Amino acid sequence: MTLNNTAPGASRPNGFAALALSPATLSNLQQLGYADMTPIQAASLPIALAGQDLIAQAQTGSGKTAAFALALLAKLNPRWFAVQAMVLCPTRELADQVTVEIRRLARAEENIKVVTLCGGIALRGQRASLENGAHVVVGTPGRIMDHLERGYLTLEGLNTLVLDEADRMLDMGFFDDIAKVAKQCPANRQTLLFSATYPEGIEKLAKQFMRDPQRVEVAAPKSESLIEQRFYEVTRTTRLQTVGELLRHFRPVSTLAFCNTKQQCKELVTLLQADGFQALALYGELEQRERDQVLAQFANRSCSVLVATDVASRGLDINQLEAVINVDITPDPEVHVHRIGRTGRAGASGLALSLAAMNDMGAVGKIEQYQNQASVWHKLDELTPTGKGALLPPMVTLQILGGRKEKIRPGDVLGALTNDEGGPAYTREQIGKIQVTEFCTFVAVSRDVAKAACAKLNAGRVKGKSVRARILTVTDSV
Ligand code: AMP
């Protein structure tokens, strides 16, 4: 027997040829121009093809779709007409993209049927596609649940479950739907989870629905250089008032302000609120309900400033954060780097502003050594108010008294706001994050339509029932 050294890409160290893929697939990859694996593919494909559960940190554009698509296709039996793989996605747009990529990668094999199941499209057509035999289903959790509940979709033959952009699905309140879907999959299936960030819910998903998952993390195109660090010298008496001056000068949409103690958090929030800022505090000892409320408002951009201690901010994962303010310098340089790394994510630029008094200079020195970078000092008198009027967040949170217990789903709320009954139909752009918690639902809407949207919710129906909604102001919280 001779070794086949002519397999496409055989001589490339990062080529696909080293993987357990069929010759037809390798040749298809070559035709597609996929010469080398992307870093996320190189890290995750050997694990996924070996049948192990996987948690992979990957952004859009990293080649993550092919990373899970090649794994699920490798296991597929085209001659068996049963749903053997399912990909859950947060949005219809992503589900469409994923479907296109899977079809592209599947064209090497026999007739593999990929069906997309998302809301906004009649169930009947989707049901017919399922009846014609689907090997792979790609869709959003809500619509997939609908098909399962009606018995149009069965999962006994499933051997791969993929959760794509799991963090976004959690953001959108899909935890329960994901859980219900996962429970209907055979226990011996393989589960692959892809996520750009790791909010708390990811661990919960892993614990409940994955078996000894392997983790891969590919160094994100690190953005430290995109974070602009500025230090300001303050005194004990000017420290807190300087925060407001920074906010009025830089006008960041979302700012995370770190204090070293809970007491300092409370004092700063009181001062900022009195000064007209939409600011909230996050510290230990908050009840879960209060914590949920605070986080929902900050994550959906209806609170400008979140004032937190390091401990309380653990697990907090906010994608768009224009600024971090170190109201107190931390004595631990590693903590400093962790704090400022929360801004400037995913290629966006970020601002890290640190307030240091004389007795902080030792800590600042340690930070300089740790980062191997000299601090850039700016003068307080550079801080002049810019822009027009008060700094207000772009969104407002409406709280609906009803949540998971009432079986409310994000799509129900979206439907209630985008229909044209009982008030204007709002566009998707005027509606932000929708987060369903156990007893209530938070929905972000553009500031300019908040009152009318709240009235529309109160006048209309969500999931066929009338609901009570109110505008949440920061002073309602905590
Ligand atoms: P994704 O992150 O899955 O959205 O993929 C981003 C883009 O990269 C898609 O257009 C893929 O077709 C493409 N792509 C995926 N893997 C590779 C590869 N190994 N080489 C070249 N392009 C790729």
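Residues numbered from 1 in each chain as written. Predicted model: local features only at pLDDT ≥ 70, side-chain atom pairs only at ≥ 80, totals over all residues. Heavy atoms only, no water.

Peer 1: Please explain the overall build of the protein as it appears in this structure.
Peer 2: Helix and strand content of the protein: 16 helices and 20 strands. Against the compact-globule benchmark of 23 Å for 478 residues, the protein has a radius of gyration of 25 Å, which places it among compact chains. In terms of its C-alpha atoms, the protein occupies a principal-axis envelope of roughly 80 × 60 × 35 Å. Within the protein, buried positions represent 53% of all 478 residues. Counted over contacts in the protein with a minimum sequence separation of 6, partners at least 24 positions apart contribute 75%. Carbon and sulfur atoms make up 50% of the accessible area of the protein, which totals about 22,100 Å². In the protein, the 53 positive side-chain charges and the 49 negative ones have mean positions that sit 5 Å from each other. (Helix = DSSP H or I, 4+ residues; strand = E, 2+ residues; numbered from the N terminus. Rg over C-alpha atoms; globule rule 2.2 N^0.38 Å. Buried < 20%, exposed > 50% of the residue type's maximum accessible area, 1.4 Å probe, protein only. Contact = heavy atoms within 4.5 Å. Areas by Shrake-Rupley, 256 points an atom, 1.4 Å probe, with all protein chains shown as cover. Lys, Arg positive; Asp, Glu negative; His and termini not counted. Charge placed at Lys NZ, Arg CZ, Asp CG, Glu CD.)

Peer 1: Please explain the packing of helix H8 (residues 175–183) against helix H9 (residues 200–209) as it appears in this structure.
Peer 2: Two packed helices can be described by the angle between their axes and the distance between those axes. Between H8 and H9, the shortest axis-to-axis distance is 11 Å and the interhelical angle comes to 15°. What the angle tells us is that H8 and H9 run roughly parallel. For the element pair H8 and H9, the recorded crossing hand is right-handed. Only Gly201, Lys204, Leu205, Gln208 and Phe209 of H9 make contact with H8, whose side of the interface consists of Phe175, Ile178, Ala179, Ala182 and Lys183. Residues belonging to the contact of H8 with H9 are distributed by class as follows: six nonpolar, two polar and two charged. (Axes fitted to C-alpha atoms, helices over the stretch in contact; angles between N-to-C directions. Parallel < 35°, antiparallel > 145°, perpendicular 65-115°, else oblique. Left-handed = near helix turned anticlockwise from the far one by under 90°. Nonpolar A, V, L, I, M, F, W, Y, C, P; charged D, E, K, R; others polar.)

Peer 1: Whenever I open this one, the sheet that holds strand E3 (residues 114–117) confuses me. Can you help?
Peer 2: Each strand in a sheet pairs with another by means of backbone hydrogen bonds, the pair being arranged parallel or else antiparallel. One open sheet holds the seven strands; their spatial order is E3-E4-E2-E5-E6-E1-E7, and the pairing between them is parallel. One side of each edge strand has no neighbouring strand; the edge strands of this open sheet are E3 and strand E7 (214–217). Direction aside, neighbouring strands of the sheet carry axes that sit 15° apart on average. Pairing of strand E2 (residues 85–88) with strand E5 (residues 160–163), which is carried by four bridges, proceeds in the parallel orientation. From the neighbouring strand, Leu88 faces E5, where its bridge partner is Leu163. (Pairing = 2+ DSSP bridges.)

Peer 1: I would appreciate a short explanation of the domain arrangement of the protein in the present structure.
Peer 2: As a measure of interface size, the accessible area lost when the parts come together is often cited. By the assigned domains, the protein splits into domain 1 (2–218), domain 2 (227–382) and domain 3 (395–473). The interface of domain 2 with domain 3 comprises eight residues on the first partner and 11 residues on the second. The contact between domain 2 and domain 3 buries some 820 Å² in all, and 52% of this surface belongs to carbon and sulfur atoms. The interface formed by domain 2 and domain 3 holds zero salt bridges in total. The interface formed by domain 2 and domain 3 contains three residue pairs in polar contact (both at pLDDT 80 or more). Split into classes, the residues belonging to the side of domain 2 that touches domain 3 amount to two nonpolar, four polar and two charged. (Domains from an automatic or database assignment. Buried area = accessible area lost by both parts, 1.4 Å probe. Salt bridge = Lys/Arg side-chain N within 4 Å of Asp/Glu carboxyl O. Polar contact = N/O pair within 3.5 Å; in protein donor to acceptor, adjacent residues only side chain to side chain.)

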